[in-house]
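Chain residues, written in single-letter form:
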Amino acid sequence: MKIREIALKLEILKSSVHEIVHDTLEYRKVSARWVPKMLTEDHKLQRQWLQRYGWEILPHPAHSPDLAPFDFYLFGPLKRHLGGMAFETEDDLISELRNWFDNLDVDFFRVGINSLLSRSQKCIHLHGDYVEN
C-alpha cells in the first residue's frame, strides 16, 4: 500500500503518514513491500567502521532494486533478448548467456554503473521511495 493510499484511507495528511511510517516505525520500502529496518550485529559493526573513517551513511533500503544495477539496467535487456527462446538443456541456456554477455559493448556496463549516481540522488530526494526511470 502506498503512502498516498494510506493517507486517503485514514483521511490524514500524506506528510503525517510518511513521518509515521519512516520516522516512527522505521519502515523502508524494499521490493514494493514495507519492511522493518533491522540491523544485524555485522551491519552495526560495518556502520561503526564507516562512521569512524568519516563516511556518510545514507538511509536507503538494503536491497533496493532502484539502486541495484542488475535490477534496473541489466535484467530488462537480457529478458528481451531471451524472450521467446526455448532451450533443450541448461548448457544451451548457459551458452546463449555467455554469447550475449561476450557480445555486449563495454559502454553498456559503463552507462549502467554511471547511472547509479543519478538514481541514488533520486532515491534520496524521494526518501527511499521507488525511483521511476
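Residues numbered from 1 in each chain as written. Predicted model: local features only at pLDDT ≥ 70, side-chain atom pairs only at ≥ 80, totals over all residues. Heavy atoms only, no water.

> In this structure, what is going on with the confidence of the model for the protein chain? I would like to understand it.
Note: predicted coordinates in regions of low pLDDT should not be interpreted at a detailed level. Of all residues in the protein chain, 71% have pLDDT values of 70 or greater, and the mean over the chain is 76. Across the protein chain, helix H5 (residues 90–102) holds the top mean pLDDT of 93, while strand S2 (residues 33–36) sits lowest at 46. Across residues 30–36, where pLDDT falls below 50, the model places 19 contacts with residues more than four positions away in sequence or in other chains. (pLDDT = per-residue confidence, 0-100. Helix = DSSP H or I, 4+ residues; strand = E, 2+ residues; numbered from the N terminus. Contact = heavy atoms within 4.5 Å.)

> I'm lost on the pattern of salt bridges in this one. Help?
Two side chains carrying opposite charge are able to pair once their charged atoms lie near each other. Taken as a whole and assessed by the stated rule, the structure comprises 1 salt bridge. Across the pair Asp107 and Arg110 runs a salt bridge, and its minimum N-O distance is 2.3 Å. Placement of both Asp107 and Arg110 in helix H6 (residues 106–125) is noted, with a separation of 3 residues, approximately one turn of the helix. You can call Asp107 partly exposed: its relative accessible area is 39%. Note on Arg110: relative accessible area 45%, which makes it partly exposed. (Salt bridge = Lys/Arg side-chain N within 4 Å of Asp/Glu carboxyl O. Buried < 20%, exposed > 50% of the residue type's maximum accessible area, 1.4 Å probe, protein only.)

> Just to check I follow, could you spell out helix H1 (residues 3–10) for this structure?
Within an α-helix, residues lying three or four positions from one another point in the same direction, as the helix has 3.6 residues per turn. Where H1 is concerned, the buried positions are Ile3, Ile6 and Ala7. Along the axis of H1, the buried positions cluster into a sector of 100°, meaning they face one direction only. Away from its buried face by more than 90 degrees, H1 exposes Leu8 and Lys9. Taken from the residues just after H1, Glu11 is the one with a positive phi, measuring 55°. (Arc of directions from axis to C-beta.)

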